[in-house]
Number of protein chains: 2
Amino acid sequence: MPHAVTLQEVADAAGVSVATASRALSGKNRVAADTVAKVRAVAAELGYRVDPIARALREGSTRIVGMIVPVIGNPYFAQLVDAVEHELHRAGFELLLADSHGELAEESRRLTVFGDRKVDGIVIVPSHRQRSAGALRAVGAEIPLVQIDRSAGVSLADYVGVDNEIGLALALEHVHERGARSLVYVGADDVTSSGVERWNAFDRTVDREAVAVGEPFRGDFSLATGAAAADALVARGELPDAVIAASDLIALGLIGRLREHGVEVPRDLLVTGFDGTELSQVLAPTLTTVVQPIEAVAADAIGFLLSRVAGSTAPVRSSRVAPTLLVGGSTTR
Amino acid sequence: MPHAVTLQEVADAAGVSVATASRALSGKNRVAADTVAKVRAVAAELGYRVDPIARALREGSTRIVGMIVPVIGNPYFAQLVDAVEHELHRAGFELLLADSHGELAEESRRLTVFGDRKVDGIVIVPSHRQRSAGALRAVGAEIPLVQIDRSAGVSLADYVGVDNEIGLALALEHVHERGARSLVYVGADDVTSSGVERWNAFDRTVDREAVAVGEPFRGDFSLATGAAAADALVARGELPDAVIAASDLIALGLIGRLREHGVEVPRDLLVTGFDGTELSQVLAPTLTTVVQPIEAVAADAIGFLLSRVAGSTAPVRSSRVAPTLLVGGSTTR
DNA sequence: CCGCAGAGTGCAATCGATTACGCAAAGCTT
DNA sequence: AAGCTTTGCGTAATCGATTGCACTCTGCGG
């Protein structure tokens, strides 16, 4: 094993002390120009690279950011992780990933580990709208933390997410325009902030549109919920003109299962999704969906986080990114 | 900020030296039973937790494993990451995740960073069947490394993946049984080992089944490839009895786009997928697909890796896990 | 009663980098 | 030319845990 080059070796080879070598490389202290050049040259030749661990011990900073998501298996979160990872790498940070599987205990355990590992910051999609708050507050007091997509309280820590109000309004106006007068909402329960917000947004906005509203169906954001909702809808007998789903997975699960029941979308029923995942745009019918600007959300969140990491003590911020509507086949007949 | 408790503080509180405190907590050295009890009690009371960074510096071991995947956005890889992460946590390791986006340069950059960060091991899905070999060999000489799903040479480092030969045979026999006599393969190009292996497996096995074979369509493993293949198939004019797809995404993209062309699966054409992602089982028609036992693959891979981490110098191993066939609607009329 | 084994601890070095402090030499001022 | 500032660099402390070596003390055989 080629034994990693240490600063000591570079210093020796350059004929200076470790202190000078360190300063020459970091460049932020007064060192003679020739010395800097010399040290840099030697370092390059020897292939020297700082040991991040030694540096972390000394500095108390790891240049690692931890991220916790509820289910990496959900393509939306996968894309979110991708975007976050991209932003972090751009800024020279690594990503430590953990999956809470939606469990509070696991979530708080991972948070603790992140704390012990002295990550510089944490990006979290809280698993519970309220019960995640305790652990978040505790860890957030020590380490910069940003909530993304979901929140456990916007006063708790910086938050970046989509504006669900706008999203639902876009979907509702769209189906209204397409003639839908009776609607059913299929979304997630009140465990997550998105679940609550989207439902509330639907509930409020739908009044404005003055249409008939059927009993909502609420589970989680998964395909399974969509499928179960399809069964329920069919069992009810009378189909609404349109279903507003709170996620693409729900919409896809719904459309798929409806088809098994002989109900075709958009022929018998219009459906809109939420998220704008890649997936929703390739299957037939393509989904009319509220597109979340994932890259923008990730960029904002990492922006917040890194400014905190850099020491900002600005008041807690909360940013809502406006979604757009992508019209696809599921509402076009 | 509650200033993390250090070993020194525990030692002081317990009236012993740091050395003794360390030994008492690690338990593997001779320390009087009372002392051990005392130190443990004090440590618990103070809420002491070792600083993983200090330990890492001293030990040269981080208890972190790095993982590189080509596209986290592909649900198959998302599930793989999930399974790997689960196995690692069980063993007390953290997961540092990186996405190579299928780019060689990025992949090798990430590998270097992992090396610098002194991860204890690396799990990689090599982005290129051959060109990934160099970087892998270099890093693998320093750090335990296991290839998963794809390989850049099974003699290079431990490898765990699915048995593609069996997988394709299962799919082929199945559609043959269902009466398909003319087939077309839609898969990935020769850039990845899975791409090559699945194509070769198809090519060899299809001979045995003695059927008519159309020009294959090869791109990558994505939805887009499936969609493009659908266009191509329709353009050719004559449809085969069945299409064997090399991934679920391909199959889904294909089915979706075919539908837009007015071609229904399974009515006009049978389709099989590969991977057994959750996704493939909820949409209509549900996919007949070769199911990869992802948990088993992950468990094997982490098993290999951790045995290396523990010091095993056994010869390079290569494990092939047998897939199973899940029959769904896409081949059932 | 001496000597030796071995249990139980502590001292101090170590991992590799960063940095406060101090010293020497060079540059400037009057 | 004496006195001061500035520049450049080295010494050593520091981050927190682990561990080789050495020391003390008890117990037991001879």
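Bear in mind that the values here come from a model prediction, so they are computed numbers and not experimental data. (Residues numbered from 1 in each chain as written. Chains lettered and ligands numbered in written order. Predicted model: local features only at pLDDT ≥ 70, side-chain atom pairs only at ≥ 80, totals over all residues. Heavy atoms only, no water.)

### Digging into the protein's contact with DNA strand C
What counts is decided by this rule: A cutoff of 4 Å decides nearness: a residue is near a molecule or strand if any of its heavy atoms lies inside that distance of it. We call two N or O atoms a polar contact when they sit within 3.5 Å, provided that within protein one can donate a hydrogen and the other can accept it, with sequence-adjacent residues counted only if both atoms are side-chain atoms. Helix and strand assignments follow DSSP, with helices taken as H or I runs no shorter than four residues and strands as E runs no shorter than two, numbered in order from the N terminus. Only Asp, Glu, Lys and Arg are considered charged, only Ala, Val, Leu, Ile, Met, Phe, Trp, Tyr, Cys and Pro nonpolar, and every remaining residue, Gly among them, polar.
Close to DNA strand C lie 25 residues; Leu7(A), Arg58(A), Thr20(B), Arg30(B) and Thr35(B) are nearest. Here the atoms of DNA strand C within 4 Å of the protein split so that 54% fall in sugar or phosphate, with bases taking the remainder. Within the side chain of Thr20(B), a nitrogen or oxygen atom sits 2.6 Å from a phosphate oxygen of DNA strand C. At 2.8 Å from a base oxygen of DNA strand C is found a side-chain nitrogen or oxygen belonging to Arg58(B). Of all elements in the fold, only helix H2 (18-26) and helix H4 (52-59) of chain A together with helix H2 (18-26) and helix H4 (52-59) of chain B reach the threshold of two or more residues within the surface near DNA strand C. Considering each element in turn, the surface near DNA strand C owes the most residues, 5 residues, to H4(A). A breakdown of the residues in the surface near DNA strand C according to their chemical character gives 11 nonpolar, 5 polar and 9 charged.

### Things to note about the pairing of strand E4 (residues 145-148) of chain A
All names here are of chain A. What counts, and what does not: Exposed residues in this analysis have more than 50% of their type's maximum accessible area, buried residues have under 20%, and partly exposed residues fall in between, with area computed by a 1.4 Å probe over protein chains only. Strands qualify as paired when DSSP identifies two bridges or more between them. Handedness is read with the strands pointing away from the viewer; a crossover is right-handed when the path from the first strand over the helix to the second is clockwise.
Residue alternation in E4 divides its side chains into two sets, Leu145 and Gln147 and Val146 and Ile148, and both sets are buried. For strand E3 (residues 121-124) and E4, the ladder comprises 3 bridges, and the chain directions are parallel. Across the sheet, Ile122 pairs through a bridge with Leu145, a residue of E4. This β-α-β element, E3 to helix H7 (residues 133-140) to E4, shows right-handed connectivity. Note that E4 and strand E5 (residues 158-162) share 3 bridges and pair parallel. When the bridges of E5 are listed, Gln147 appears paired with Tyr159.

### A look at the relation of the copies chain A and chain B
Put simply, the rule is: Only residues with pLDDT of at least 70 in both copies contribute their C-alpha atoms to the least-squares superposition of the copies. In what follows, residue pairs with any heavy atoms lying within 4.5 Å of each other are defined as contacts.
Each copy superposes on the other: chain A lies on chain B with an RMSD of 0.1 Å after a rotation of 180° and an axial shift of 0.0 Å. Taken together, these values place the two copies in the relation of a two-fold axis. Nearest to the rotation axis, the C-alpha of Leu96(A) is located 2.2 Å from it, this being the minimum over chain A. In this assembly, 100% of the residues forming the interface of chain A have copies in chain B that are likewise at the interface, indicating an isologous arrangement.

### Notes on the packing of aromatic side chains
What counts, and what does not: Only Phe, Tyr and Trp rings take part, Trp by its six-membered ring, and two of them pair if their centres are within 6.5 Å. Stacked means planes under 30 degrees apart, edge-to-face means over 60, and tilted covers everything else.
Within the structure shown, the criterion is met by 8 aromatic pairs over all chains. Aromatic pair Tyr185(B) and Phe202(B): ring centres 5.0 Å apart, planes at 35°, arrangement tilted. Placement of the pair is Tyr185(B) in strand E6 (residues 182-188) and Phe202(B) in helix H9 (residues 193-209), with a sequence separation of 17 residues. Assigned by exposure class, Tyr185(B) and Phe202(B) land together as buried. A connected cluster of aromatic rings, assembled from ring pairs, spans Tyr185(A), Trp199(A) and Phe202(A).

### A short note on the pattern of salt bridges
For clarity, the cut-off: One side-chain nitrogen of Lys or Arg within 4 Å of one carboxyl oxygen of Asp or Glu is enough to make a salt bridge.
Under the definition given, this model contains 32 salt bridges over all chains. The residue Asp51(A) makes a salt bridge to Lys118(B) at a minimum N-O spacing of 3.2 Å. Linking Asp51(A) in the loop between helix H3 (33-46) and H4 with Lys118(B) in the loop between helix H6 (104-116) and strand E3 (121-124), this pair reaches from one chain into another. For Lys118(B), a relative accessible area of 27% translates into the label partly exposed. Through salt bridges that share partners, Glu94(A), Glu106(B), Arg109(B) and Arg110(B) make up one connected network.

### What about the pairing of E3(B)?
Residue and element names in this part refer to chain B. The side-chain alternation of E3 yields two buried faces, one formed by Gly121 and Val123 and the other by Ile122 and Ile124. Pairing analysis gives 4 bridges linking strand E1 (residues 64-69) to E3, with the strands arranged parallel. Each residue of the ladder has a partner; that of Ile68, found in E3, is Ile124.

### Some points on the protein's contact with DNA strand D
Near DNA strand D you find 25 residues, and of these Thr20(A), Arg30(A), Thr35(A), Leu7(B) and Arg58(B) are the closest. Protein-adjacent atoms of DNA strand D, using a 4 Å cutoff, are sugar or phosphate at a proportion of 53%. Between a phosphate oxygen of DNA strand D and a side-chain N or O atom of Ser22(B), the distance comes to 3.1 Å. At 3.3 Å, a side-chain N or O of Glu59(B) approaches a sugar or linking oxygen of DNA strand D. Looking at the surface near DNA strand D, the elements that each hand over two or more residues are H2 and H4 of chain A together with H2 and H4 of chain B. Broken down by element, the residue count for the surface near DNA strand D peaks at 5 residues, all from H4(B).

### Focus: the nonpolar core
Which entries qualify depends on this criterion: The criterion is simple. A nonpolar core is a set of buried Ala, Val, Leu, Ile, Met, Phe, Trp, Tyr and Cys residues joined through side-chain atoms within 4.5 Å.
Counting residues in each nonpolar core, the largest one holds 90 residues, and the members touching the most others are Leu183(A), Phe202(A), Val271(A), Leu183(B), Phe202(B) and Val271(B). Excluding residues within four positions of it along the chain, Phe202(B) makes contact with Leu168(B), Leu172(B), Leu183(B), Val184(B), Tyr185(B), Val213(B) and Ile244(B). Membership of the second largest hydrophobic core comes to 57 residues, among which are Phe77(A), Phe93(A), Leu80(B) and Ala83(B).

### Observations regarding the interface of chain A and chain B
The cut-off we apply is this: Accessible-area loss on putting two parts together, using a 1.4 Å probe and summing over both, is the definition of buried area adopted here.
Taken together, the contact pairs 50 residues of chain A with 50 residues of chain B. Around 4,500 Å² of area is buried between chain A and chain B when both sides are counted, 62% of it from carbon and sulfur atoms. When residues of chain A are sorted by the area they lose upon contact with chain B, Ile53(A), Glu94(A) and Arg117(A) head the list and together hold 15% of the total. Across the contact surface, chain A and chain B share 6 salt bridges. Only H4, helix H5 (75-90), strand E2 (94-99), helix H6 (104-116), helix H10 (223-236) and helix H11 (248-260) of chain A provide two or more residues apiece to the side of chain A that touches chain B.

### Some words on helix H10 (residues 223-236) of chain B
For an α-helix, the turn length of 3.6 residues means that residues three or four places apart are oriented alike. Residues and elements named next belong to chain B. The criterion, for reference: To estimate how far a helix should extend, the number of its residues minus one is multiplied by 1.5 Å.
A rise of 1.5 Å per residue sets the reference length of H10, with its 14 residues, at 20 Å; its end C-alpha atoms lie 20 Å apart and thus fit the reference within 8%. What H10 keeps buried is the set Leu223, Thr225, Gly226, Ala227, Ala229, Ala230 and Leu233. Each element contacted by the buried residues of H10 is listed here: E6, strand E8 (217-219), strand E9 (242-245) and helix H11 (248-260). Within two residues after H10, Gly237 carries a phi angle of roughly 95°, on the positive side.

### Re the UniProt feature "domain: HTH lacI-type" (unreviewed entry) in chain A
The line we're drawing: UniProt positions are given in the numbering used here, feature names are shortened, and annotations may be inferred rather than shown by experiment.
Under the feature "domain: HTH lacI-type" (unreviewed entry), the UniProt entry names residues 5-59 of chain A. End-to-end, the C-alpha atoms of residues 5-59 of chain A are 20 Å apart, and along that stretch the chain is 71% helix and 0% strand.

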